[in-house]
Each structure stands twice: as structure tokens, then as C-alpha cells.
Amino acid sequence: MFYKSTRNSAINVDSATAITQGISVEGGLFVPNEIPKITLEEIDMLADMNYSERATFIFKKYLTDFTDVEIKYCTDNAYNTDNFENESIIELSHLFDGTYMLELWHGPTCAFKDMALQILPYFLTTSAKKINLNKKIVILVATSGDTGKAALEGFKDIEGTQILVFYPENGVSPMQKRQMTTQDGENVDVCAINGNFDDCQNGVKEILTDNDIKAKLEEEALIFSSANSINWGRLVPQIVYYVSAYVTLAKDKEIELGEKINVVVPTGNFGNILAAYYSKKMGLPINKLICASNVNNVLTDFINTGVYDRNREFYATSSPSMDILISSNLERLLYHFTGDNDKQISEWFASLSSTGRYEVTDDVKKILQDEFFAGFSDDEQTKDTIRAIYNQYSYTCDTHTAVAVKVYNDYKNKTNDKTKTIIASTASPYKFSASVLEAIDKGSEVSDEYEMIERLNELSKFEIPESLAELKNKKVKYTNSIEKAEMKGYVLKELGISY
Ligand SMILES: *Cc1c(COP(=O)(O)O)cnc(C)c1O
């Protein structure tokens with residue numbers, strides 16, 4: 001299997017190179033040159049395996065340049081009970097008739113990003129060895145809150161790596177900020193940007209593709225890579241949990257083997273839902289992919305009109321990890337939808353960066369609407385949804401997951417589709433205690449983050465994650481805050497490079 005760049009189909013690299021580089025030299029994203037298949041027999045066979053073994057099975061189809069021993073080394077180190085709460089790694093919670101919450105947040109940082117970022121450091125260091133890199137890998141991360149912490153946890157003290165995380169100063173929850181600024185590890189750094197997530201992401205992308213900076217790093221035997229979902233090594237682990245959830249539902253006789261299901265995903269950078277799309281293309285029986293946004297609903301409009309237009313107001317919402325106006329992974333989807341048309345993709349994305357807008361062809365729009373349903377939820381509706389689920393099913397969900405539930409309800413009302421459905425639950429409610437309590441504990445006087453956690457514990461059935469409780473006693477180590485224009489200089493300074 002080879003990986004091509006969405007902006008230059010002539011580029012052909014193995015997975016180790018794609019993962020090490022993170023992004024292609026001309027700014028395109030790596031995609032597999034074909035999507036491997038999974039049969040119903042294989043799905044049936046996976047029923048007897050644990051999560052790590054299921055992951056190994058899927059990775060063998062994509063990382064064909066890795067040996068079995070290498071893949072097993074990665075999965076064993078990532079998907080175990082040192083890192084995750086339970087042996088099952090993910091949890092499926094039966095919410096209501098034919099609807100299941102796929103809880104992806106039982107890892108060390110309480111958000112679904114752990115599913116990929118616990119394994120990415122092993123993929124990356126293994127890849128570097130395979131291609132005889134002999135350089136220290138510098139990971140630059142832009143985060144809307146959850147990726148940053150998950151990447152810091154994944155990479156802390158991993159030999160041969162150094163990690164720098166940029167987050168929007170006022171764009172993350174207090175708990176997310178505290179998680180990052182108290183991070184342990186000798187090879188980590190965290191810095192706030194006076195701007196929003198898109199500023200952070202653009203800044204990082206510019207640095208990653210800056211030839212002057214790259215040359216300077218080269219002299220110091222350093223090389224950049226990315227832990228954002230532009231890196232293929234972030235996406236492929238996300239395919240696993242859709243397959244694994246399906247396997248478990250079939251095993252538990254909740255669905256028939258081969259029965260189609262819907263998948264609802266609260267979406268920001270389009271990584272998680274793209275992984276669901278890949279699993280469908282592999283042959284996992286999926287009917288509709290339901291794309292849920294908050295009021296930063298650029299994706300809802302895009303899927304409904306074929307026009308991607310980021311020229312709109314940016315809102316800070318109660319689901320901050322989805323406060324994004326440039327959804328990077330859409331580029332991969334459109335590459336597949338246009339029949340690998342790298343010229344077309346280059347044009348659209350050049351237009352996105354110069355005018356903030358592009359419009360796809362009618363053909364592409366049609367495929368898009370066949371595969372996806374899109375909708376959004378504002379903060380008030382999100383709050384109402386958290387309250388309704390809590391009152392009806394005694395289930396506490398976080399704000400991002402509630403956005404998905406709201407959009408799923410809209411979908412059902414509109415289509416009357418009775419297909420069984422998985423809703424991706426992307427964060428622990430404890431990570432967004434203030435918003436969750438506002439919904440289910442009206443009139444509460446509690447304002448201290450840790451008291452909120454205690455209160456939420458009284459109301460919900462979930463245990464308090466230790467990693468959040470212990471933050472109270474941790475020292476804040478990182479207080480830097482800079483302008484977007486200062487990012488380049490900051491990175492060089494951190495790496496000890498003069499310029
Ligand atoms: C990152 C994140 C999302 C959005 O996922 P994408 O892959 O960027 O679409 C949704 N919910 C939570 C809690 C997240 O951390």
C-alpha cells in the first residue's frame with residue numbers, strides 16, 4: 001500500500017514516510033492509494049479478539065511496510081489498562097431504542113483523541129527507525145483543547161521526540177487549560193496564542209511547510225512532524241473503533257452481522273467522521289454518516305449547498321473542540337470524491353486560503369449528500385439536549401456528544417429512519433463540568449472547577465477520572481502567551497536555533 005498526496009498524485013510514499021512527514025511537501029495530505037477491504041467473515045472473526053488485537057488486524061491492512069512484530073509492539077503499548085480505564089478500551093452504552101453511545105473517552109486525558117494519540121508516538125518512532133531517519137522528531141501541535149493534552153500525554157518522555165503545543169488563549173475550557181499547563185515531561189512545551197484555533201492551525205501549517213525553517217532544522221538533525229489529524233497516523237487508529245464497535249454489537253446480538261447502522265459524529269476538523277467514512281468504504285455496513293456541528297456550522301452549509309465558505313463570524317461555544325472554520329480532513333474526502341483529481345483539489349484549497357471559499361461540482365455535491373447528513377446545534381439546544389438525556393435516561397453526556405445527539409434527533413424527525421445508530425461520544429462530561437452542570441443542576445451555586453467535579457459525581461453515574469481530580473494539586477508550569485506572528489520565532493527559540 002502506498003500513500004499519495006492530495007495535491008500531487010505523483011507523490012507515492014510508504015506509510016512510515018507518510019507518518020514521519022505528517023504532511024506532504026507541497027502542503028497536501030497523504031491518503032491511501034486504495035482502501036483495503038474488510039469482509040463479514042473477518043468482522044465475525046474479530047469477535048473473539050480484544051481491542052488491541054482488532055487494531056493489529058486493521059493496521060496490517062494499511063501499514064503494509066510495518067512488520068507484524070512492529071505493529072504488535074505499537075498496539076500492545078497503546079491499548080492496555082495502564083492507559084485506559086477498562087480492558088475493553090472503548091465502551092458501548094445502550095442509550096435508547098437501537099441507539100448506542102460509543103464512549104471513546106476512557107483514556108488518560110478523557111477525550112477521544114487518546115484513541116489515536118496513545119499509539120501515534122509508537123507509530124512515529126517505529127516509522128523513523130524503519131526509514132533510518134536518525135533525527136530527533138519535533139512535534140508541532142495546534143489544539144482546540146483536547147488534542148494538545150492527548151498529544152502531550154502520548155509523547156511525554158518518548159525518546160527521540162520533542163513536542164510543542166499551541167492553544168488559543170481564550171478558546172479552551174478551564175479544565176483543558178489546566179490539563180495542558182501542568183503537563184509533566186522533559187521534552188514538552190505549551191504556549192498560548194492570542195487568537196482562535198484556526199490561527200493556531202494555520203501558524204503550525206505555515207511552519208511545517210516553511211523551507212527556510214526546515215533547512216535550519218536539518219542542520220541540527222531535527223525534523224518536524226505533526227500530531228494533528230492531518231497526520232495519517234492519527235486517522236488510521238480511528239478506523240479501528242468503528243469496526244470494533246460494530247463487531248461488539250454483532251457479537252452481543254444487538255445487530256445482525258451485515259445489518260447496516262448509522263454513525264453520528266460531532267465534528268470539527270473532520271478527522272473522526274472521515275475515519276468512519278473509511279471504515280464504510282472498507283466494507284463495514286454503514287448506512288448514513290451524520291455530521292454534527294455547533295454554530296460554527298461551515299460543514300453543515302457545505303454538505304447542504306456544496307459551497308465551503310469560512311467568511312463568517314467565529315463563535316466560542318460550549319463545545320470548544322469543534323470551534324473550527326477550516327476542517328482540514330475534508331481535503332482527503334474530496335480527493336476521493338473527485339477520483340483522485342489533485343489539480344482540482346489544489347485549486348479548491350488555494351481558493352480556500354486566498355478567498356476563504358470554494359464550491360464543488362454538482363457531481364461531488366451529490367456524492368456528498370448521498371453519504372452524509374449534516375446539521376448543527378446551538379449552545380441552548382445543546383444544553384437542552386444534555387438535560388433531556390439526563391432526565392429521560394439518567395445518562396450524563398458532555399457538550400460535544402450532546403451536539404451529536406441533537407443533530408441525530410433532527411435527522412430522525414426529518415427522515416423517519418429507524419436504522420440502528422452509533423453516536424460517537426467524544427469527551428467525558430467531567431471535562432466540561434461547568435456547561436454540563438448548567439444543564440442538569442440549574443441554580444447551582446458551585447463555581448470552583450473541582451467542586452463542580454464533585455457535584456457532577458453526585459449527579460452522574462460516572463466515576464471521577466483520577467487524571468482530572470489530581471490536577472488540583474499540580475503546579476502550573478507553562479504561562480507563555482504570544483501573537484500568531486511570533487510563532488515561528490518562538491519555535492526556533494525553543495529548539496535553540498538562532499535566526
Ligand atoms: C477533537 C474533538 C472533536 C472533533 O473531532 P474532529 O476529528 O476534529 O472532527 C469532537 N469532540 C471532542 C470532544 C473533541 O476533542
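First, a word on what this report is: a plain description of the structure on this page. (Residues numbered from 1 in each chain as written. Predicted model: local features only at pLDDT ≥ 70, side-chain atom pairs only at ≥ 80, totals over all residues. Heavy atoms only, no water.)

## Structural notes on the side chain of Asp398
Let me state the cut-off plainly: Every helix listed is a DSSP run of H or I at least four residues long, and every strand listed is a run of E at least two residues long, numbered separately from the N terminus. Exposure categories follow from relative accessible area, calculated using a 1.4 Å probe and restricted to protein chains: below 20% of the type maximum is buried, above 50% is exposed, and the middle band is partly exposed. Counting rule for charge: Lys and Arg are taken as positive, Asp and Glu as negative, and neither His nor the chain ends is counted. One speaks of a salt bridge when a side-chain nitrogen belonging to Lys or Arg is within 4 Å of a carboxyl oxygen belonging to Asp or Glu. Pairs of N or O atoms are called polar contacts if they sit within 3.5 Å, as long as, within protein, a hydrogen donor faces a hydrogen acceptor (for residues adjacent in sequence, only side-chain-to-side-chain pairs). By definition, residues are in contact when any of their heavy atoms lie within 4.5 Å.
With respect to the helices and strands, the residue Asp398 is situated in the loop between helix H17 (379-393) and helix H18 (399-415). No salt bridge is formed by the buried Asp398; its nearest oppositely charged neighbour, Lys431, is found at 9.0 Å. Looking at Asp398, its side chain comes within polar contact range of the side chain of His400, at 2.6 Å. Excluding residues that lie within four positions of it along the chain, Asp398 makes contacts with Ile386, Thr426, Ala427, Ser428, Pro429, Phe432 and Val436.

## Focus: the pairing of strand E11 (residues 286-293)
The following threshold applies: Viewed with both strands pointing away, a crossover whose connecting path from the first strand over the helix to the second turns clockwise is right-handed. Should DSSP find at least two bridges between two strands, the strands are regarded as paired.
Buried residues dominate E11, accounting for 7 of its 8 residues. A crossover connection joins strand E10 (residues 261-266) to the parallel E11 through helix H12 (residues 271-282); in handedness this β-α-β unit is right-handed. In the sheet, E11 pairs with strand E14 (residues 372-376) via 5 bridges, with the strands oriented parallel. Residue pairing for E14: Cys291 is matched across the bridge by Ala374.

## Here's the deal with the pattern of salt bridges
Enumeration over the complete set of coordinates arrives at 27 salt bridges. Shared partners join several salt bridges into a network, and the residues in it are Lys149, Glu153 and Lys156.

## Brief notes about the nonpolar core
Here is the rule: Residues enter a nonpolar core if they are buried and are Ala, Val, Leu, Ile, Met, Phe, Trp, Tyr or Cys, with the set joined through side-chain atoms within 4.5 Å.
Of all hydrophobic cores here, the largest spans 113 residues; its most connected members are Tyr62, Leu63, Tyr242, Leu334, Tyr358 and Phe372. Examining the composition of this core, we find that 13 residues originate from one element, helix H11 (residues 232-251), more than from any other. For Phe372, the contacting residues outside a window of four places in its chain are Phe270, Ile273, Tyr277, Lys288, Leu289, Ile303, Leu333 and Phe337. Grouped together as the second largest cluster of nonpolar side chains are 36 residues, Met322, Tyr390, Met452 and Leu468 included.

## Some points on the sheet that holds strand E1 (residues 3-5)
Spelled out, the test is: To get an axis, a line is fitted to the C-alpha atoms, and for a helix only the part in contact is used. The angle between two axes follows their N-to-C directions and goes from 0 to 180 degrees.
Read across the open sheet, the 3 strands follow the order E2-E1-E3; overall the sheet is antiparallel. Each edge of the open sheet carries a strand with a single partner, namely strand E2 (8-13) and strand E3 (30-32). Neighbouring strand axes in the sheet, compared pairwise and without regard to direction, differ in orientation by 40° on average. Where E1 and E3 come together, 3 bridges link them in antiparallel fashion. Paired with Tyr3 across the bridge in E3 is Pro32.

## So, empty space enclosed by the protein
Going by this rule: Here a cavity is any set of points on a 1 Å grid over the protein atoms alone where a 1.4 Å probe fits but cannot get out, and a pocket is any open set with protein on both sides within 12 Å along at least 5 of 7 lines; a residue lines the site when it has an atom within 4 Å of a point. Grid points are joined across faces, edges and corners, and a volume is the space filled by probe spheres set on the points. Under the scheme applied, nonpolar residues are Ala, Val, Leu, Ile, Met, Phe, Trp, Tyr, Cys and Pro; charged residues are Asp, Glu, Lys and Arg; polar residues are all the others, including Gly.
For the structure on display, the rule yields 2 cavities of 30 Å³ or more. For the largest cavity, the calculated volume is near 280 Å³. Along the wall of the largest cavity there are 27 residues; nearest its centre are Phe112, Lys113, Gly268, Asn269 and Ser321. Within the residue set of the lining of the largest cavity, elements represented by two or more residues are helix H7 (146-155), H11, E10 and H12. Across the lining of the largest cavity, the residue classes break down as 10 nonpolar, 14 polar and 3 charged. The calculated volume of the second largest cavity comes to roughly 40 Å³. With 3 residues, the top contributor of residues to the lining of the second largest cavity is helix H9 (residues 197-208). Among the residues making up the lining of the second largest cavity, the classes are represented as 3 nonpolar, 3 polar and 1 charged.

## Some remarks on the packing of helix H13 (residues 298-305) against helix H16 (residues 362-371)
For any two helices packed against each other, the geometry comes down to the angle between their axes and how far apart the axes lie. Between H13 and H16, the least distance of the axes is 8 Å, while the angle of their chain directions is 115°. Every residue of H16 that contacts H13 at Phe302, Ile303, Asn304 and Thr305 is listed here: Lys365, Leu368 and Gln369. Within the contact of H13 with H16, the residues separate by chemical class into 3 nonpolar, 3 polar and 1 charged.

## With respect to helix H19 (residues 433-440)
Applied cut-off: Comment: arc refers to directions from the helix axis out to C-beta atoms.
Taken together, the buried positions of H19 are Ser433, Val436, Leu437, Ala439 and Ile440. Within H19, the buried residues cover an arc of 160° as seen down the axis, which keeps them to one side. For H19, the elements touching its buried residues are H17 and helix H20 (449-459).

## Re the layout of surface pockets
Here the largest pocket defines a volume of roughly 440 Å³. Residue lining of the largest pocket: 17 residues in total, with Arg7, Asn202, Lys205, Phe349 and Ser353 positioned closest to the centre. Taken together, the elements giving at least two residues each to the lining of the largest pocket come down to H9 and helix H15 (342-355). Partitioned by chemical class, the residues of the lining of the largest pocket number 5 nonpolar, 5 polar and 7 charged.

## Comments concerning the sheet that holds strand E4 (residues 91-96)
If you trace the 6 strands from one edge of the open sheet to the other, you get E4-E5-E15-E10-E11-E14, paired in mixed fashion. The sheet is open, and its two edges are formed by E4 and E14, each paired on a single side. Averaged over all neighbouring strand pairs, the angle between strand axes comes to 25°, with direction disregarded.

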